[in-house]
2 protein chains.
Amino acid sequence: MNFPKSIEDLIVQFMKYPGVGRKTAERFVFHTINKMDKESVKELSETLTQLKERINYCKVCNNLTDKEVCHICSNEKRDQSIILIVESPKDVFSIEDTSQYKGLYHVLNGVLSPADGIGPEELNLKTLWDRVAEKKVKEIIIATSSTQEGETTALYIKRVLQDTDLTVSRIGYGVPVGLNLEYADQLTLSKAIENRKKF
Amino acid sequence: MNFPKSIEDLIVQFMKYPGVGRKTAERFVFHTINKMDKESVKELSETLTQLKERINYCKVCNNLTDKEVCHICSNEKRDQSIILIVESPKDVFSIEDTSQYKGLYHVLNGVLSPADGIGPEELNLKTLWDRVAEKKVKEIIIATSSTQEGETTALYIKRVLQDTDLTVSRIGYGVPVGLNLEYADQLTLSKAIENRKKF
């Protein structure tokens, strides 16, 4: 392919995005050239760099935020007695979209996966035990994916907490088996939270 | 949706790309946050702005290039007696990919579409007549899409050139009717050029 270097460079970089093959990347680049003015491209370029500068992890729940403590942890109207545990920040946003859950979150940033060398130390668990130790929490809802790793992680957390007087539940009905949480629709997620069962 | 502003801003900007809906844009943004380091994001950001600064149109054929005259027009080994007319720079790259065509190109940057107010003045036609007037060209191949606008444009060019002694042909067999040229595969494009017919 004989694209000028600046075009080829951008194609290769767009191809790093999930689901973007060569043809799609080419379309993106030609869209950038033909349909976007200099100002829009500059804006996109700046938004990209700002994202990396401004976004960090909430020091309480590890959710993505542009503050020190995220807007959920710092919202006193949220039910401080429930923590819902998810794998990734994206899951927080998916569940927030249902407008049904009013408690707090805890983001693990992964799941246990011994085969990949991911043990409890690699997950954001220490801060969870710290939060539990503060005794304000009465219930833990585990919302890891219904994949093998997600189930293993849920079981691990359940076992650690089994001698506390916390209610530990697992979201259940609704999330199709083997599906990553991020692909679940809002209704399924709502149902899954509503129908949580004791774990 | 309660995304932090820097995330929401980038989602909205990714959604401007063709075929990118909200879910896909969100995945791109989370990929940017979780899987790309600061250096890669900076590189992408810079490539985007450089693209707009460096890429311009070849002053001979109107193809995209980072020079004044593109690498095809300035290549003396190309057959200077044939000009293949396409709608967009993307079509040039598609045809180049077949490695079968050895002549020159002319990019119209659009097609005639009276309904949208696009007449001959809006297309890159004046420079085509200038090139034809130089008398080096013996054959014109019209490779506009087989859409209604593409056909109208082909007919228009044919009519303007009918009193010259140029051979005017139209790519034919191969390109499915109603399909934009950019979606045609390499074999189809090769066939279409090989089987061009006098127009």
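A quick note: this is a predicted structure, and the numbers were derived from the prediction, not measured.

Peer 1: Account for the overall build of chain A, naming residues and giving values.
Peer 2: Assigned secondary structure in chain A consists of seven helices and seven strands. Order of helices (α) and strands (β) in chain A, N terminus to C terminus: α-α-α-β-β-β-α-β-α-β-α-β-α-β. Viewed in the frame of its principal axes, chain A has a C-alpha envelope of about 65 × 35 × 35 Å. Scored against the burial criterion, the 199 residues of chain A give a buried share of 49%.

Peer 1: Residue-level account of the environment of Val168 of chain A, with values.
Peer 2: With respect to the helices and strands, the residue Val168 of chain A is situated in strand 6 (residues 167-170). Separated by 124 residues in the primary sequence, Val168 of chain A and Leu44 of chain A have C-alpha atoms spaced 43 Å apart.

Peer 1: So, the packing of helix 1 (residues 5-14) of chain A against helix 2 (residues 22-34) of chain A: which residues are in play, and what are the values?
Peer 2: Residues and elements named next belong to chain A. One way to put it is that helix 1 packs onto helix 2 with a least axis distance of 8 Å and a crossing angle of 125°. As the angle between them shows, helix 1 and helix 2 are arranged oblique. Remark: the crossing between helix 1 and helix 2 carries right-handed chirality. Of the residues in helix 2, those in contact with Ile7, Glu8, Leu10, Ile11 and Phe14 of helix 1 are Arg22, Ala25, Glu26, Phe28, Val29, Thr32 and Ile33. Here the residues of the contact of helix 1 with helix 2 are counted per class, giving eight nonpolar, one polar and three charged.

Peer 1: Explain the domain arrangement of chain A to me, using residue names and the numbers behind them.
Peer 2: When cut into domains, chain A gives domain 1 (5-54) and domain 2 (70-198). Taking only C-alpha atoms into account, the centre of domain 1 of chain A sits 34 Å from that of domain 2 of chain A.

Peer 1: For helix 2 of chain A, give the residues involved together with the corresponding values.
Peer 2: The first and last C-alpha atoms of helix 2 of chain A sit 18 Å apart over 13 residues, in line with the 18 Å expected at 1.5 Å per residue. Those residues of helix 2 of chain A that sit buried are Ala25, Glu26, Phe28, Val29, Phe30, His31, Thr32 and Ile33 of chain A.

Peer 1: Requested: an account of the interface of chain B and chain A, with residues and values cited.
Peer 2: How big an interface is tends to be reported as the loss of accessible area on association of its parts. Counting from both sides, the interface comprises 55 residues of chain B and, opposite them, 55 residues of chain A. Roughly 5400 Å² is buried in total at the junction of chain B and chain A, and carbon and sulfur atoms are behind 67% of that figure. By the criterion of area lost to chain A, the three top residues of chain B are Tyr17, Leu51 and Lys52 of chain B, representing 13% of everything that side buries. Inspection of the chain B/chain A interface yields two salt bridges. With a shortest N-O distance of 3.0 Å, Glu26 of chain A and Lys90 of chain B are connected by a salt bridge. Across the contact surface, chain B and chain A share 19 residue pairs in polar contact (both at pLDDT 80 or more). Broken down by class, the residue content of the side of chain B that touches chain A amounts to 25 nonpolar, twelve polar and 18 charged.

Peer 1: Give me the lowdown on the relation of the copies chain B and chain A, citing residues and values where you can.
Peer 2: Superposing chain B onto chain A requires a rotation of 180° together with a translation of 0.0 Å along the rotation axis, leaving an RMSD of 0.1 Å. Look at the turn and shift together and you get a two-fold axis relating the two. The rotation axis passes nearest to the C-alpha of Ser45 of chain B in chain B, at a distance of 2.2 Å. Comparing contact sets, 100% of the residues at the interface of chain B also lie at the interface in chain A, consistent with an isologous, same-surface contact.

Peer 1: Give a detailed account of the state of the cysteines, specifying residues and quantitative values.
Peer 2: Under the definition given, this model contains zero disulfides over all chains. Just so you know, Cys61 of chain A is unpaired, no disulfide at all, and the nearest cysteine sulfur is the one on Cys73 of chain A, 3.6 Å from it.

Peer 1: If you had to explain the nonpolar core to someone new, which residues and values would you point to?
Peer 2: The biggest cluster of nonpolar side chains holds 40 residues, and the ones touching the most others in it are Ile7, Phe14, Tyr17 and Leu48 of chain A together with Ile7 and Leu48 of chain B. Listed by contribution, the elements that provide at least two residues to this core are helix 1, helix 2 and helix 3 (38-54) of chain A together with helix 1 (5-14), helix 2 (22-35) and helix 3 (38-54) of chain B. Setting aside residues up to four positions removed in sequence, Ile7 of chain B forms contacts with Leu51, Ile55 and Leu64 of chain A together with Val29 and Ile33 of chain B. In terms of nonpolar packing, the next biggest core, distinct from the first, is built from 38 residues, Cys70, Tyr101, Val107 and Ala143 of chain B among them.

Peer 1: Describe the pattern of salt bridges, naming the residues involved and giving the relevant values.
Peer 2: Across all of its chains, the model carries 22 salt bridges over all chains by this definition. Close ionic contact of Lys67 of chain B with Asp66 of chain B constitutes a salt bridge, the shortest N to O distance being 4.0 Å. One connected set of salt bridges, linked through shared partners, spans Glu8, Arg22 and Glu26 of chain A together with Lys90 of chain B.

Parameters at a glance
Every chain is numbered independently, its residues counted from 1 as its sequence is written. As a convention, the first chain written is A and the first ligand written is 1, with the rest following in written order. Restriction of local features to residues with pLDDT of at least 70 applies here, the model being predicted, together with a cutoff of 80 or more for giving and counting side-chain atom pairs; totals for whole chains, interfaces and linings are based on all residues. Just so you know, side-chain values use all the structure's heavy atoms and leave hydrogens and water out. A run of H or I in DSSP counts as a helix once it spans at least four residues, and a run of E counts as a strand once it spans at least two, with each numbered from the N terminus. Relative accessibility under 20% of the residue-type maximum defines a buried residue, over 50% an exposed one, and the middle range a partly exposed one, all with a 1.4 Å probe and only protein chains included. To obtain each axis, a line is fitted to C-alpha atoms, and for helices this fit is confined to the stretch in contact; angles are then taken between N-to-C directions over 0 to 180 degrees. Small angles under 35 degrees read as roughly parallel and large ones over 145 as roughly antiparallel, with 65 to 115 read as roughly perpendicular and the rest as oblique. We call a crossing left-handed when the near helix sits turned anticlockwise from the far one by less than a right angle, and right-handed when that turn is clockwise. Contact between two residues is taken to exist if any of their heavy atoms lie within 4.5 Å; hydrogens are not considered. When residues are sorted by character, Ala, Val, Leu, Ile, Met, Phe, Trp, Tyr, Cys and Pro go into the nonpolar class, Asp, Glu, Lys and Arg into the charged class, and all the rest, Gly among them, into the polar class. An automatic or database domain assignment supplies the residue ranges for each domain. To estimate how far a helix should reach, multiply one less than its number of residues by 1.5 Å. What counts as buried area is the accessible surface, traced by a 1.4 Å probe, that two parts surrender upon association, with contributions from both included. Salt bridge, as used here: a side-chain nitrogen of Lys or Arg that lies within 4 Å of a carboxyl oxygen of Asp or Glu. Throughout this description, a polar contact denotes any pair of N or O atoms lying within 3.5 Å of each other; where both atoms belong to protein, one of them has to be capable of donating a hydrogen while the other can accept it, and for residues adjacent in sequence the pair is counted only when both atoms sit in side chains. The copies are overlaid by a least-squares fit using only the C-alpha atoms of residues whose pLDDT is at least 70 in both copies. Counting rule for disulfides: a pair of cysteine sulfur atoms within 2.5 Å. We call a set of buried Ala, Val, Leu, Ile, Met, Phe, Trp, Tyr and Cys residues a nonpolar core when their side-chain atoms join them within 4.5 Å.

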